[in-house]
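# A closer look at the structure
One letter stands for each residue in the lines below.
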Amino acid sequence: MFEYHTIIVGAGPAGLACGTALARAGERVLVLDRHRRIGPKVCAGGITWSGINKRVPSELLERSFPDQKVFTGWQKTVISASRPLVSTINRETLGRWMLENAEAAGAEVRNATAVKSFSGNLLRTDRGEFTFRFLVGADGSSSTVRRLLGMTTKRVGVGINYFVPGDFPAIEWHLDDKLFANGYAWLFPHRETASIGAYCDRNSLPPAILLKNLHLWAEKYDIDLDQSKMSSGLINYDFQGWRFGNFFLAGDAAGLASPLTGEGIYPAIVSGEEIARTILDPGYEGYAMKKLLARHRLHRTVVSLTGSNRLACRLVMESLVLALRSGLIPFSALEMAG
Ligand SMILES: Cc1cc2nc3c(=O)[nH]c(=O)nc-3n(C[C@H](O)[C@H](O)[C@H](O)COP(=O)(O)OP(=O)(O)OC[C@H]3O[C@@H](n4cnc5c(N)ncnc54)[C@H](O)[C@@H]3O)c2cc1C
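Description of the structure in this document. (Residues numbered from 1 in each chain as written. Predicted model: local features only at pLDDT ≥ 70, side-chain atom pairs only at ≥ 80, totals over all residues.)

## Focus: the overall build of the protein
Within the protein, the regular secondary structure consists of 10 helices and 18 strands. Whereas a compact globule of 338 residues would reach a radius of gyration of roughly 20 Å, the protein reaches 20 Å, a difference of no more than 12%. In terms of overall dimensions, the protein has C-alpha extents of about 65 × 40 × 40 Å along its principal axes. Counting the 338 residues in the protein, one finds 48% classified as buried. (Helix = DSSP H or I, 4+ residues; strand = E, 2+ residues; numbered from the N terminus. Rg over C-alpha atoms; globule rule 2.2 N^0.38 Å. Buried ≥ 20, exposed ≤ 12 C-beta atoms within 10 Å, placed from the backbone.)

## Points about the nonpolar core
Nonpolar side chains tend toward joint burial in soluble globular proteins. The biggest cluster of nonpolar side chains holds 97 residues, and the ones touching the most others in it are I7, C18, V31, V136, F180, A198 and A250. It is helix α8 (residues 265-280) that contributes the most residues to this core, eight residues altogether. In this view, V31 contacts I8, A11, G15, L16, G19, A102, A107 and V109; residues no more than four positions away in its chain are not counted. (Core = buried A, V, L, I, M, F, W, Y, C linked by C-beta atoms within 7 Å. Contact = placed C-beta atoms within 7 Å.)

## Re the sheet that holds strand β4 (residues 61-65)
Pairing in this open sheet of three strands is antiparallel, and the strands run β3-β7-β4 from one edge to the other. The two strands at the open ends of the sheet, each matched to only one other strand, are β3 (46-48) and β4. Between one strand axis and the next, the sheet turns through 30 degrees on average, direction left out of account. (Pairing = 2+ DSSP bridges. Axes fitted to C-alpha atoms, helices over the stretch in contact; angles between N-to-C directions.)

## Some points on helix α1 (residues 13-24)
The end-to-end C-alpha separation of α1 is 16 Å, in line with the 16 Å expected for 12 residues at 1.5 Å each. Among the 12 residues in α1, 11 count as buried, and that is most of the element. Those residues of α1 that fall on the buried side of the exposure criterion are P13, A14, G15, L16, A17, C18, G19, T20, A21, L22 and A23. Among the structural elements, β1 (4-9), β2 (29-32), α3 (91-105), β11 (128-137), α7 (251-254) and α8 are those in contact with the buried residues of α1. (Expected span 1.5 Å × (residues − 1).)

## Side note on the site of the ligand
The environment of the ligand is formed by 40 residues, the closest being G10, G12, G159, G251 and G264. For the shell around the ligand, the elements supplying multiple residues, two or more each, are α1, β3, β12 (156-165), β16 (230-236), α7 and α8. A per-class count over the shell around the ligand returns 19 nonpolar, 15 polar and six charged. (Near = placed C-beta within 6 Å. Nonpolar A, V, L, I, M, F, W, Y, C, P; charged D, E, K, R; others polar.)

## Description of unusual backbone geometry
Notably, A181 is not glycine yet its phi reads approximately 50 degrees, a positive angle. Looking at the element boundaries, A181 is found in the loop between α5 (177-180) and β14 (184-189). Positive phi outside glycine occurs at D222, with the angle close to 60 degrees. Mapped onto the elements of the fold, D222 is located in the loop between α6 (207-220) and β16.

## A closer look at α6
Helical geometry note: an α-helix holds 3.6 residues per turn, so side chains three or four residues apart project in the same direction. The end-to-end C-alpha distance of α6 is 20 Å, a good match for the 20 Å that 14 residues give at a rise of 1.5 Å each. All of the buried residues along α6 are L210, N213, L214, W217 and A218. The buried residues of α6 occupy one face: seen down the axis, they fall within an arc of 145 degrees. Pointing more than 90 degrees away from the buried face of α6 are the exposed residues A208, K212, L216 and E219. Contacts from the buried residues of α6 go to β12, β13 (171-175), α5, β14 and β15 (193-201). Taken from the residues just after α6, D222 is the one with a positive phi, measuring 60 degrees. (Arc of directions from axis to C-beta.)

## Some remarks on the pairing of strand β7 (residues 86-89)
Going residue by residue along β7, you find V86 and T88 tucked away on one face and S87 and I89 tucked away on the opposite face as well. Taken together, the three bridges between β3 and β7 define a ladder with antiparallel strand orientation. Paired with T48 across the bridge in β7 is V86. Pairing between β4 and β7: four bridges, direction antiparallel. Following the sheet pairing, S64 is matched in β7 by S87.

## Concerning the packing of α8 against helix α9 (residues 287-308)
Interaxial distance between α8 and α9 falls to 9 Å at its minimum, and their mutual angle equals 145 degrees. Relative to α9, α8 is oriented so that their crossing is left-handed. Here α8 contributes P267, V270, S271 and E274 to the contact with α9, which in turn contributes A288, M289 and L292. Of the residues contributing to the contact of α8 with α9, the split by class is five nonpolar, one polar and one charged. (Left-handed = near helix turned anticlockwise from the far one by under 90°.)

## Remarks on the sheet that holds strand β6 (residues 76-79)
Taken together, seven strands build an open sheet; the order of strands is β6-β5-β13-β14-β15-β12-β16 and the sheet is mixed. The sheet is open, and its two borders are formed by β6 and β16, each paired with just one other strand. Along the sheet, successive strands turn relative to each other by an average axial angle of 20 degrees, direction set aside. Where β13 lies against β14, three bridges are found, and the strand directions are antiparallel. Paired with W173 across the two strands is W186, which belongs to β14.

In short, the description is geometric, and any link to function would need to be established separately.
See the structure below:
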């Protein structure tokens, strides 16, 4: 007999979504996280409305924006909708709320416990050993579980973030291939700060150049980044599968973040929920997972195209924004929920 039906490594959005769903179904679940505080994570806190509005209560949101200001080398435009397209959320607030849900459902969550290795159905941590029937790796872009399953990670994005104090009126996306190759810089207003940063595929631009170019861009727009603390992180999009017998990978550990935008909160929550459903019913045909994987493939194709050379990058990015402006494609084409 195993101590736990399922052990989940990582109490980020993927792990807590999975743990909540399994515990609600009455299973004995343990969620482990190496950090003392659950929730904080290097992140801009942008969440797309179509994916999250049914999953996260509106009182948790910081601000919501129906208008998206988009800048490219040749265009400057506003994509508008009758409802918010993107909202912002504080990651600690989201984490705390998801933790409360998981514990209320009956999941056991242990912090300050780092997973080191596993063999057979035994998991080793720096705070003891536990046995499991199913193991879910929801341990982010540098996932230990992924590595122990023998997977390498070559396709990753790099995100750099600053929280700058001030009242910023609008969300902005800056697709400037000279500075950010096939990535972009963003300005996502929160309540008393804005997340200002840049994302790019690591194979297209080395992180040091991305940082330097983010500062050049900020100078141009009179934004002072020097008084704020820089944070950065990897965003794994090297998806190679999510189910491996009684082992599963969710969220960033599975490489499910968008290769194009780095959006990873929605894929984390959805994959966590879908893994729970699959564990509970092995015959379950996950519609949401299939949709997520189709969107991931599409974004990966765009990144391969735009990463091949600078002219292709400029043409694809400009065409994309032109198509958004003219309503030929909806803004949701850029979203993982799409
Ligand atoms: C600069 C930046 C900006 C971003 N902005 C956005 C954005 O605006 N919108 C968006 O949707 N996404 C954004 N992302 C991506 C998003 O943060 C991630 O995709 C998302 O957090 C993935 O969730 P997760 O649950 O898979 O992993 P994580 O949130 O990374 O959680 C993994 C958890 O596992 C724990 N863990 C790791 N190793 C172990 C171990 N060995 N033992 C125990 N616990 C372990 C960690 O402590 C962590 O709590 C951004 C990322 C970066 C770097």
